[in-house]
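Survey of secondary and tertiary structure
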Amino acid sequence: MTTMRGALEMMTTTTVADWKTSAPTWWCPGCGDFGDLSALQKALVAVGYAPEEVVIVAGVGCSGKIGNYVNSYNMHVTHGRTLPIAMGVKLANPHLKVIAAGGDGDGFALGMGHFMHACRRNVDMTYIVMDNQIYGLTKGQTSPTSAPGFESKSTPEGNVEGAVDPLMLALTAGATFVAQGFTGNQKKLQAVLEAGLQHRGFAFINTFSPCPTYNKVNTFDFFRTELHDIDEDPGYRPNDRIRAMQVLLQHRQLLQGVFYREERPSFHELLPGFSEDKPPVNPDWQLSPALWGKLLNLYR
Ligand code: SF4
């Protein structure tokens, strides 16, 4: 059964089971990434995409495994290069829903330059960062979002660097959708993801996704105690960039919800000669199973 999603797009009815794969999950028991996966699958059902409409481009790290567990097209790409590859997919076929996903190390260390440019270009995609404030895949080193003083294998006497502030960076770089969620609050995270998936333009969603194996500071209990829900602020409207920056500073980034949203043409819509019916790169390039088979052969 199909119904209308927006003016032109068809909405598909699926269930969470339609978005699952048979791949065994690799994550440690209790990993926050399970919460991102679950909320994303539920959000995809609610928004009404079909699996063949969606491409997940995932980076390197524990979180980069997420594409293996979602029944959509999936690219597991090189470290820090998630966003330019996702942008290439979108330009090749603007009809696809492109989701980029990765961790704080992938996105805010090697990938930081790409992050800023994706924000300012307003590339039409949803970027989900599964932020656990540590490098988990390499067994527990300090990451760009680790707090000053954070002790890990790489900083046994405490982190001497300041932490990257992804939300503030996104706001200052011109992102048109900036939000944050927590995998321990599934209802809220699903709502934030649904809003991001429906945004036309670059939707950045940072998610606190605790790593119980290596990060004993930023735990589920920590976020349950510390996070403030922006929707509980009477009168807050996510349409004022300066006000969004103020609340982030006020709450030391420990917020969940949608802080900023703006409607503006996305990157590919501004390209000269672009039309929805005439993709700008190569109109013949469709992400068909046959093409994916050829691409996979390159790696064998
Ligand atoms: Fe999750 Fe941490 Fe285990 Fe990686 S090391 S799978 S982030 S719990």
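From a predicted model like this one, the values you see are computed outputs, not experimental measurements.

Let us now look at the site of the ligand. With respect to spatial proximity, the complete set of residues near the ligand consists of W27, C28, C31, D33, C62, N132, G136, L137, C211, P212, T213 and Y214. A per-class count over the shell around the ligand returns eight nonpolar, three polar and one charged.

Relative to the elements of secondary structure, M125 occurs in strand β6 (residues 125–131). For M125 and L83, which are 42 residues apart along the polypeptide, the C-alpha to C-alpha distance reads 9.2 Å. Look past the residues within four positions of M125 in its chain and what remains in contact with it is A86, K90, V98, I99, A100 and F202.

The subject of this paragraph is the nonpolar core. One finds V57, Y127, V178, F202 and F204 to be the most contacted residues of the largest nonpolar core, which totals 64 residues. Ranked by residues supplied to this core, first place goes to helix α6 (residues 186–198) with six residues. Not counting chain neighbours up to four residues away, the residues in contact with F202 comprise A118, C119, N122, V123, M125, Y127, A175, T176 and F177. Within the second largest apolar cluster, five residues are counted, among which are C62, I134, Y135 and C211.

Among the residues making up helix α2 (residues 82–92), those that are buried are T82, L83, A86, M87, V89, K90 and L91. Buried-residue contacts for α2 involve β3 (54–58), β5 (97–103), α3 (104–110), α4 (112–121), β6 and α9 (267–270).

Taken in spatial order, the eight strands of this open sheet run β4-β3-β5-β6-β8-β7-β10-β9, and their pairing is mixed. At either margin of the open sheet sits one strand with a lone partner, and together these are β4 (73–76) and β9 (228–229). As judged from the six bridges shared by strand β7 (residues 177–182) and strand β8 (residues 202–208), these two strands associate in the parallel manner. Pairing of Q180 across the sheet is with N206, part of β8.

Definitions and cut-offs
Residues numbered from 1 in each chain as written. Predicted model: local features only at pLDDT ≥ 70, side-chain atom pairs only at ≥ 80, totals over all residues. Near = placed C-beta within 6 Å. Nonpolar A, V, L, I, M, F, W, Y, C, P; charged D, E, K, R; others polar. Helix = DSSP H or I, 4+ residues; strand = E, 2+ residues; numbered from the N terminus. Contact = placed C-beta atoms within 7 Å. Core = buried A, V, L, I, M, F, W, Y, C linked by C-beta atoms within 7 Å. Buried ≥ 20, exposed ≤ 12 C-beta atoms within 10 Å, placed from the backbone. Pairing = 2+ DSSP bridges.

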